[in-house]
Amino acid sequence: MTISRPLKGILLSCIAALAFASHDSLSKYLAASNGMLMVLWIRYLSQSLLLAAWQLPRHGLRVLRVNCPGLQLLRGLSLLSISLIFLSALRLLPLAEATAVHFIAPLLVILLAMPLLGERANPGQWLAVGVGFLGVLIIVRPGGGLLTPAMLLPVASATCYALYQLLTRRIGTRDSAGATNLVTGLVGATGMTLLLPLFWQGLPPWPQLLAMASLGVIAVGGHMLLTIAFQYSSPVSLAPFSYLQILFAMLLGLLLFDHAPDAGALLGMGVIALGGLGSAWLQARRQS
């Protein structure tokens, strides 16, 4: 049986969403017993080694000769900031709720695109942004138990992720995707290595070491799946399926951490997804 090209893109996008949710849940589990910084150090090392093993035999060291090193450095630091902040959020917040709040990033792109790229948002996009932030307020409603300073962490990680996306857009075709991803991984690995004296207490047992290394494999695999998915379908058409990550995070949170979101949290997740889907629909209309 043959599968149509758009359907292939949708399937790959759904698998990528599952990979990212699995990455976050495994990170939360490992950080509880090994420390957040150790988990991130091993993850970025494995990610960098994997990308280097893939790119260097094909292109040699010239793959590191990027045309916009300043933007590449900022992109790498943005991703490292996302990792540090979001994993801190996962240590303090339920997986599903933290993931849902982090998903206001596509809406923050609309806000940050104005000062950084000079793009103007239309009234429909402003409405989508407002709907997304309403979803956050529903999740952290007074008396819901999540109105704590820790809830600022996924908001901060979403802001860093929006900046990361805008930097990726600015870099565009000036550097290859392989070079960009390798440099980003190396920036993260170098940054975590410089922090090594702050958290070094010896290597963890080898089963947990392998589990941490698998985080890099899962991250690279998820981004590769998305890259291939975009070859079959447009980013706008695949955007709605990225919100499956919230559903997968909720299921994994229930399975691994025995946490089930209450009715208010579920409503807030739905509202955030609605805002993001509305933004994607408006973008599709503009492109058509």
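Parameters at a glance
Residues numbered from 1 in each chain as written. Predicted model: local features only at pLDDT ≥ 70, side-chain atom pairs only at ≥ 80, totals over all residues. Heavy atoms only, no water. Helix = DSSP H or I, 4+ residues; strand = E, 2+ residues; numbered from the N terminus. Rg over C-alpha atoms; globule rule 2.2 N^0.38 Å. Buried < 20%, exposed > 50% of the residue type's maximum accessible area, 1.4 Å probe, protein only. Contact = heavy atoms within 4.5 Å. Areas by Shrake-Rupley, 256 points an atom, 1.4 Å probe, with all protein chains shown as cover. Lys, Arg positive; Asp, Glu negative; His and termini not counted. Charge placed at Lys NZ, Arg CZ, Asp CG, Glu CD. Patch = residues over 30% accessible without salt bridge, like charges linked within 9 Å, V, L, I, M, F, W, Y side chains within 5 Å. Salt bridge = Lys/Arg side-chain N within 4 Å of Asp/Glu carboxyl O. UniProt positions renumbered as here; feature names shortened; annotations may be inferred. Phe/Tyr/Trp six-rings, centres within 6.5 Å; stacked < 30°, edge-to-face > 60°. pLDDT = per-residue confidence, 0-100. Expected span 1.5 Å × (residues − 1). Axes fitted to C-alpha atoms, helices over the stretch in contact; angles between N-to-C directions. Parallel < 35°, antiparallel > 145°, perpendicular 65-115°, else oblique. Left-handed = near helix turned anticlockwise from the far one by under 90°. Nonpolar A, V, L, I, M, F, W, Y, C, P; charged D, E, K, R; others polar. Core = buried A, V, L, I, M, F, W, Y, C linked by side-chain atoms within 4.5 Å.

### Some details on the overall build of the protein chain
1) Next: In terms of regular secondary structure, the protein chain is built from 13 helices and zero strands.
2) Next: When the helices and strands of the protein chain are placed in sequence order, the string is α-α-α-α-α-α-α-α-α-α-α-α-α.
3) Next: Relative to a compact globule of 288 residues, whose C-alpha radius of gyration would be 19 Å, the protein chain shows 19 Å and is just as compact.
4) Next: Each of the three principal axes of the protein chain carries a C-alpha extent, and together these read 50 × 45 × 45 Å.
5) Next: A buried classification covers 47% of the 288 residues belonging to the protein chain.
6) Next: Considering only residue pairs separated by 6 or more positions, the protein chain has 88% of its internal contacts joining residues 24 or more positions apart.
7) Next: For the protein chain, the computed accessible surface area is about 14200 Å², with 69% contributed by carbon and sulfur atoms.
8) Next: Counting 16 positive and 6 negative side-chain charges, the protein chain places the averaged centre of each group 15 Å from the other.

### A closer look at a nonpolar patch on the surface
1) Next: Together, Leu56, Leu61, Leu64 and Leu186 make up a nonpolar patch on the protein surface, roughly 330 Å² of accessible area in all.
2) Next: Inspection of the secondary structure assignment puts leucine 186 in helix 8 (residues 177-194).
3) Next: By relative accessible area, which is 33% here, leucine 186 ends up partly exposed.

### Considerations on unusual backbone geometry
1) Next: In this structure, aspartate 258 takes a positive phi of about 55 degrees despite not being glycine.
2) Next: When you line up the elements, aspartate 258 lands in the loop between helix 12 (244-257) and helix 13 (263-287).

### Describing the UniProt feature "transmembrane region" (unreviewed entry) in the protein chain
1) Next: According to UniProt, the positions carrying the feature "transmembrane region" (unreviewed entry) are residues 73-93, 99-117, 124-140, 146-167, 179-200, 206-226, 238-257 and 263-282.
2) Next: In residues 263-282, helix accounts for 100% and strand for 0%; the two terminal C-alpha atoms are 29 Å from one another.

### Some points on the packing of aromatic side chains
1) Next: This structure, assessed with the given rule, holds three aromatic pairs.
2) Next: Ring centres 5.1 Å apart and planes at 50 degrees place the aromatic pair phenylalanine 103 and tyrosine 243 in the tilted group. Of this pair, phenylalanine 103 sits in the loop between helix 4 (95-102) and helix 5 (105-117) while tyrosine 243 is found in the loop between helix 11 (235-242) and helix 12, placing the two residues 140 residues apart along the sequence.
3) Next: With centroids separated by 5.9 Å and ring planes inclined at 20 degrees, the aromatic side chains of tyrosine 161 and tyrosine 164 adopt a geometry described as stacked. In this pair, tyrosine 161 and tyrosine 164 are both assigned in helix 7 (residues 152-171), three residues apart and thus about one turn of the helix distant.

### Description of the confidence of the model for the protein chain
1) Next: Across the protein chain, pLDDT averages 87, with 95% of residues at or above 70.
2) Next: For the protein chain, per-element mean pLDDT is lowest for helix 11, which scores 76, and highest for helix 3 (residues 69-92), which scores 94.

### What to know about the environment of proline 205
1) Next: Examined against the element boundaries, proline 205 turns out to sit in the loop between helix 9 (196-199) and helix 10 (206-232).
2) Next: Between the C-alpha atom of proline 205 and that of tryptophan 126, which follows or precedes it by 79 residues, the distance is 50 Å.

### Some remarks on helix 8
1) Next: Between its first and last C-alpha, helix 8 extends 26 Å over 18 residues, near the 26 Å set by a 1.5 Å rise per residue.
2) Next: Where the residues of helix 8 are buried, they touch helix 2 (36-59), helix 3, helix 7 and helix 9.

### Some details on the environment of alanine 280
1) Next: Tracing the backbone through its elements, the reader meets alanine 280 in helix 13.
2) Next: Between the C-alpha atom of alanine 280 and that of serine 157, which follows or precedes it by 123 residues, the distance is 21 Å.

### Focus on the packing of helix 1 (residues 5-34) against helix 3
In helix packing, the relevant descriptors are the interaxial angle and the interaxial distance, both defined with respect to the helix axes.
1) Next: One can describe the packing of helix 1 onto helix 3 by two numbers: an axis separation of 9 Å at closest approach and a directional angle of 70 degrees. By the angle class used here, helix 1 and helix 3 are roughly perpendicular. At the point where helix 1 passes helix 3, the crossing takes the right-handed sense. Across the interface between the two elements, Asp24, Ser27, Lys28 and Ala31 of helix 1 pack against Phe86, Leu87, Leu90 and Arg91 of helix 3.
2) Next: Across the contact of helix 1 with helix 3, the residue classes break down as four nonpolar, one polar and three charged.

### Regarding the packing of helix 2 against helix 8
1) Next: Look at helix 2 against helix 8: their axes get within 8 Å of each other, and the N-to-C directions meet at 145 degrees. Considering only the axes of helix 2 and helix 8, their crossing is left-handed. Contacts between helix 2 and helix 8 involve Leu37, Leu40, Trp41, Tyr44, Leu45, Gln47, Ser48, Leu51, Ala52 and Gln55 on the former and, on the latter, Gly178, Asn181, Leu182, Gly185, Leu186, Gly188, Ala189, Met192 and Thr193.
2) Next: Per-class residue counts for the contact of helix 2 with helix 8 are 11 nonpolar, eight polar and no charged.

### Quick notes on the side chain of threonine 184
1) Next: Relative to the elements of secondary structure, threonine 184 occurs in helix 8.
2) Next: The class for threonine 184 is buried, based on a relative accessible area of 2%.
3) Next: Look past the residues within four positions of threonine 184 in its chain and what remains in contact with it is Arg75, Gly76 and Leu79.

### A short note on the nonpolar core
1) Next: Residues Val39, Trp41, Leu87, Ile139, Met192, Met269 and Ile272 are the most contacted members of the largest nonpolar core, which totals 57 residues.
2) Next: If we ignore the near neighbours within four places in the chain, the residues touching methionine 269 are Ala96, Glu97, Ala100, Ile139, Ile246 and Pro261.
3) Next: With nine residues, the next largest nonpolar core counts Leu51, Ala52, Leu182 and Val183 among its residues.

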